[in-house]
Amino acid sequence: MTDSIMSKAATMEIPINSNGDTGTLPEDDSLEQAAKLQWSLNEKVGSSRGTRDLQQVMVSGPNLNETNIVSGGYGGTAEGIIPTSSIKGPAVCYNSEFNKRIPVTGIGSGMHHSSSSSSMTAEEATRGVAVEKLELMKKWGLNTYKCTKQMISERFGRGSRTVDLELEAQIEVLRDTKRKYENVLRLARALTNHFYSMVQTQHALGDTFADLSQKSPELRDEFGYNAETQKLLCKNGETLLGAINFFVSSINTLVNKTMEDTLMTIKMYENARLEFDAYRSDLEELSMGPRDAVAMARIDTAQQQYQVHKDKYERLRSDVTIKLKFLEENKVKVMHKQLLLFHNAISAYFAGNQQQLEQTLKQFNIKLRPPGADKPSWLEEQ
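On a predicted model such as this, the values are computed, not experimentally measured, just so you know.

Rules of the game
- Residues numbered from 1 in each chain as written.
- Predicted model: local features only at pLDDT ≥ 70, side-chain atom pairs only at ≥ 80, totals over all residues.
- Heavy atoms only, no water.
- Helix = DSSP H or I, 4+ residues; strand = E, 2+ residues; numbered from the N terminus.
- Buried < 20%, exposed > 50% of the residue type's maximum accessible area, 1.4 Å probe, protein only.
- Contact = heavy atoms within 4.5 Å.
- Areas by Shrake-Rupley, 256 points an atom, 1.4 Å probe, with all protein chains shown as cover.
- Salt bridge = Lys/Arg side-chain N within 4 Å of Asp/Glu carboxyl O.
- Phe/Tyr/Trp six-rings, centres within 6.5 Å; stacked < 30°, edge-to-face > 60°.

> What am I meant to see in the overall build of the chain here?
What the chain contains, in helices and strands, is nine helices and four strands. Reading the helices (α) and strands (β) of the chain from amino to carboxyl end gives α-α-α-β-β-β-β-α-α-α-α-α-α. Burial analysis of the chain (382 residues in total) assigns 24% to the buried set. Within the chain, contacts between residues at least 6 apart in sequence are counted, and of these 70% link residues at least 24 apart. Of the roughly 27,700 Å² of accessible surface on the chain, 57% is carried by carbon and sulfur atoms.

Rendered as C-alpha cells:
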C-alpha cells in the first residue's frame, strides 16, 4: 500500500504558485497521505542521513540550467513549462525549509572577462610594436637598396654624383694631415719610451757609482763625481720627460678626438650625399616615365623624399664647412704652443741649463709628478 502511494506521489508534479510555495490539491487526498508517510520515514533515518542525502543532492542533482519550472497544476499542458536556461540574471537555489531563494553568485565570469581584456590589450600592444618594427625595416631596406644601387653606379661610371670641389679638397687635406700627425704621435711616444729607459739607466748607474764610492776609498772622489753627474742628468731627464709627455698628450687629443670628431661629421656628410644622389636619380627616372595617375603619385612621393634628403645634405655640408674652419684654427693654436714647448725643453736639456728647463715647464703650466706617484698606495693594494 505504501509503495503504491509513494509511486503515485513520485509521478505527480507539484504545482508552484508565484511565491514559490507549494499549492494544495483538495480534490486528491493521496498527496497528503504520501507527505505524512515521507515525513515518518525521514524521522527514522535521522538527521545524519538527511544531511548526507542533502549533500549528495546538491552535488549530483540536476543542473539549474536544465531544470523546468511547472507553472500549471497537475495534469496541465506543456505550455506552462518554462526552461530555466531562458531566465536571465543570477542563478537562484530554492531552500524549502526556510522558504527562501538563495542567489548563487560567482566571480569566475568577472575574472575571466578582466583577464581576457588584459590579454587582448597586451596582444594589441605587441601587434602595434611588431607593425612599427616592420615599417622601419621596410624603410631601411628600401633606403639601403637605393644607396647600394647608386654606389655601384658611381663606381662603374654609369651614375652621376654631386661634387663640391672646394669642400672635397679641404677634406682630403684634413685626412692627409691626420695621417702625418699620427706619425708624429707615434715617433713622440717612441722617444718617450726610449728616453724613459735612459733615465732609469742613469738612475741605476748613479746609485752604483755612489755605492762604489763608499766601498772604494782610493776612487771615492772619482765615483762620487760620476754619481752626482748621473743624478743631475736623471733629474733633468725626468723634467724633460714631463714636457714630452705633455706634448704627446696634446697631440693625442688633437688627432684622436678633435680631428676624429670632424671626420665623423664628414662621414655623415658623405652618407647624406650618397642618399641625396640616390633619391635624385630615382626622381629623374620616374620623371622620364609615363604620366598616369599611379606614376604621378610615385613622382610626388619621390619629390618629397628628394627634398628631405636634400635638406639633410645641405645641413651636413654646412656643418662640415664650419668644423673644418674651427679645426684649422684650433690646430694652429695648439701646435704653436706644443712645438714651442718641445723646442725649448729639448734645447735646455741638452745644453745642461737646468734653470731654463724648469722655467719652460712653469711657462706652460706643467706640473711634474713625484717619483712613485703612479703606484697605488699600500691601502689601495689591500
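> What am I meant to see in unusual backbone geometry here?
Excluding glycine, residues mostly carry a negative phi; peptide bonds, for their part, are mostly trans. At asparagine 365, a position not held by glycine, the phi torsion is positive, near 55 degrees. You can see asparagine 365 is positioned in the loop between helix 8 (354-363) and helix 9 (378-381). Taking relative accessible area as the criterion, asparagine 365 reaches 68% and is therefore assigned exposed.

> Honestly, the pattern of salt bridges in this entry has me stumped. Any pointers?
Two side chains with opposite charge may pair up if their charged atoms get near one another. All chains considered together, the criterion is met by 14 salt bridges. In this structure, glutamate 285 and lysine 149 form a salt bridge, with 3.8 Å as the shortest nitrogen-oxygen distance. Here the residue glutamate 285 occupies a position in helix 6 (residues 220-287), and lysine 149 occupies one in helix 4 (residues 108-155), the gap between them amounting to 136 residues. You can call glutamate 285 partly exposed: its relative accessible area is 43%.

> What am I meant to see in the environment of tyrosine 269 here?
Tracing the chain through its elements places tyrosine 269 in helix 6. With relative accessibility at 1%, the residue tyrosine 269 sits in the buried group. C-alpha of tyrosine 269 to C-alpha of glutamate 314: the two residues are 45 residues apart in sequence and 8.8 Å apart in space.

> Would you take a moment to explain the packing of aromatic side chains for this structure?
Tallied over the entire structure, the rule returns seven aromatic pairs. Summarising the aromatic geometry, the rings of tyrosine 269 and tyrosine 313 are spaced 5.6 Å apart at their centres and angled 20 degrees between planes, so their arrangement reads as stacked. Highlighted residues: tyrosine 269 in helix 6 and tyrosine 313 in helix 7 (residues 293-351), separated in sequence by 44 residues. Judged on exposure class, the residue tyrosine 269 and its partner tyrosine 313 are both buried.

Read these as layout, nothing more, since geometry by itself doesn't imply function.
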